[in-house]
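Listed below are the residues making up each chain.
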Amino acid sequence: MNGKEANEMRFFKLAVLRTVTFLTLCLLQVCPAQEAASDYKQLKYPRLRDIEIPQVKRVTLANGMRLFLLEDHELPLISISARIRVGSVYEPMDKIGLADITGEVMRTGGTINKTGDEIDEELEQIAASVETGIGLNSGWASVSVLKEHVDIGLAILADVLMNPAFRQDKIELAKIQHRSLIARRNDSPREIALREYKKLVYGLENVYARHTEYTTIDNISRDDLIEFHKKFFYPNNLMLGVWGDFKTEEMIEKIKDVFKGWEKREVEIPKMPQVKYEFPKTVNLIQKDDINQSNIFLGHIGGLMSDPDYFALVVMNRILGDSFTGRLFKNVRSRQGLTYGVFGRYSADYDHPGVFYVGCQTKSESTVRAIRAMIQEVRKMTEDEVTDEELNLAKESYLNSFVFNFDTTGEIVERLMTYEYFSYPEDFLQKTKENIEKVAKQDVLRVAREHLNPDNVQILVVGKSQDFNEPLSVLGHEREIDITIPPAKQ
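Q: Help me get a handle on the sheet that holds strand β8 (residues 293-301), residues and values and all.
A: The six strands are arranged β10-β12-β8-β13-β7-β14 in an open sheet whose pairing can be described as mixed. Each having just a single partner strand, β10 (341-346) and β14 (478-480) make up the two edges of the open sheet. Sheet twist, expressed as the average angle between the axes of neighbouring strands with direction ignored, equals 20 degrees. Note: strand β7 (residues 282-287) against strand β13 (residues 458-463), six bridges, orientation parallel. Bridging from a neighbouring strand, Leu285 pairs with Val461 of β13. Relative to β10, helix α10 (residues 310-320) is tilted by about 170 degrees, and along the sheet it contacts β10 and β12 (355-363). Taken strand by strand, helix α11 (residues 327-335) contacts β10 and β12, and its axis lies near 150 degrees from that of β10.

Q: Requested: an account of the packing of aromatic side chains, with residues and values cited.
A: The full count for this structure, using the stated rule, is 21 aromatic pairs. Both rings, one in Tyr90 and one in Phe232, keep their centres 5.5 Å apart while their planes meet at 20 degrees; by these two values the pair is stacked. Taken together, the positions of Tyr90 in the loop between β3 (77-84) and α2 (98-108) and Phe232 in helix α8 (residues 222-232) put the pair 142 residues apart, joining distant regions of the chain. Assigned by exposure class, Tyr90 and Phe232 land together as buried. Between the aromatic rings of Tyr346 and Phe356, the centroid separation amounts to 5.9 Å while the plane-to-plane angle is 35 degrees, which identifies the pairing as tilted. Of the two residues, Tyr346 is situated in strand β10 and Phe356 in strand β12; the sequence distance between them amounts to 10 residues. Residue Tyr346 shares its accessibility class with Phe356, and that shared class is buried. Taken together, the aromatic side chains of Tyr310, Phe311, Tyr350, Tyr419, Tyr421, Phe422, Tyr424 and Phe428 make up a single cluster linked through ring pairs. We note Arg83 situated over the ring of Tyr421; from NZ or CZ to the ring centre the distance is 5.3 Å. If you follow Arg85 out to its NZ or CZ, it ends over the ring of Tyr421, 4.0 Å from the centre.

Q: Break down the sheet that holds strand β1 (residues 57-60) for me, citing the residues and quoting the values.
A: Within the open sheet, the six strands sit side by side as β1-β2-β6-β3-β5-β4. Their pairing is mixed. Both outer strands of the open sheet, β1 and β4 (129-134), are each paired with one neighbouring strand and no more. In this sheet, adjacent strand axes meet at a mean angle of 15 degrees when their direction is disregarded. In the sheet, β4 pairs with strand β5 (residues 139-146) via six bridges, with the strands oriented antiparallel. For Val130, the partnering residue across the bridge sits in β5 and is Val143. Against the sheet, helix α4 (residues 150-162) contacts β3, β4, β5 and β6 (238-244), and its axis sits at roughly 160 degrees relative to β5.

Conventions adopted
- Residues numbered from 1 in each chain as written.
- Predicted model: local features only at pLDDT ≥ 70, side-chain atom pairs only at ≥ 80, totals over all residues.
- Heavy atoms only, no water.
- Pairing = 2+ DSSP bridges.
- Helix = DSSP H or I, 4+ residues; strand = E, 2+ residues; numbered from the N terminus.
- Axes fitted to C-alpha atoms, helices over the stretch in contact; angles between N-to-C directions.
- Contact = heavy atoms within 4.5 Å.
- Phe/Tyr/Trp six-rings, centres within 6.5 Å; stacked < 30°, edge-to-face > 60°.
- Buried < 20%, exposed > 50% of the residue type's maximum accessible area, 1.4 Å probe, protein only.
- Lys NZ or Arg CZ within 6 Å of the ring centre and 35° of its normal.

The structure is reproduced here in structure tokens:
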């Protein structure tokens, strides 16, 4: 070793010695505090500051369009989101897929002024995006653009909403994509189970569970898209949220100008379809011989977010299965070792009942045992009060994450639009927090007894029945579900 290398080695050893000494001193200082609070439950935290929610400006234009505006000058960006009262719930039974294709081709098919490809090129030049779509019970359109290009982005959005061309080549492309999805829809056992479970709960032809077939896609024409758009797309059937780096009064004038000439009309919105549920007890098998695991769903109808019991149900849901600390995870996975992943959720929607389900993936040989274990956990929720620790942990997990509902201005604006869209009070989220804080053990037991029905669940298994530890018939009359995809008309 030469002199230079020797010096470098001495410096290295000295640096290591100093680091070890520093860390040792740090540990000596920390240890007493650790001894004083060896249990994480003994740690004390200061009270979190109250959340300050910025005020959203609300304006209704002369044409009936409702605006929600919130300035945010942190970045030179502007986002615009439209919500339209439309949805696939309103499409005819023989043309399922019409709403989705309409929402897609509004954008890809361009307008009477520009093709979709021309719009793509224009947006690419300014690093912006304009998107549209129609879901189950609402339609949407969005713009994301730099502040300096907001006039261009807003003009394209208005043109797409008011003047879609529905070019035939883009309609055909969308239909090809839908046919491809139909062809592959039985590839994933988990997706099969979720799709068919919804049919059990809502009914085969119910709007909340139905899906496309080759024939329904083939039945859709360009005239259908034009008529569907014409029926629902008017300014008085639309709300527009804007947030970002702008001045409110200037933005209102821009919106008025870009949508001028778009006249309001009387829009007849059908009532949302009702769900009738009788709590049947069923056992259902979807035979799939190419897998060695069973995908299991079981449960029944869920509820509405407007139900006064909703807040206690949120807490009950977390205790049962909506977290790693839930009973399903502890007992079915950790203690009994029946699955790597078990889940459960009592879901509630804004305008129609959600579904209650628990489920897991388990090896074929454990199928019936896993079903019994999950049903047992549901039953326990209805038999005895939860522990103080379970209650506190469930409430804390919700309340500690509450702040993330306000971490972006976009979330604040879009949530306010959602509440107005579904006729909920604008402070619904804050009321949810307040009511969850009040939930007691007696409330959890009461709602579990009123809303859970462990003796009348619908059981669905996707798996290889030859390998089950017991036949499903030991749980009740077994019915096999055929998921063969109907062929297209020749």
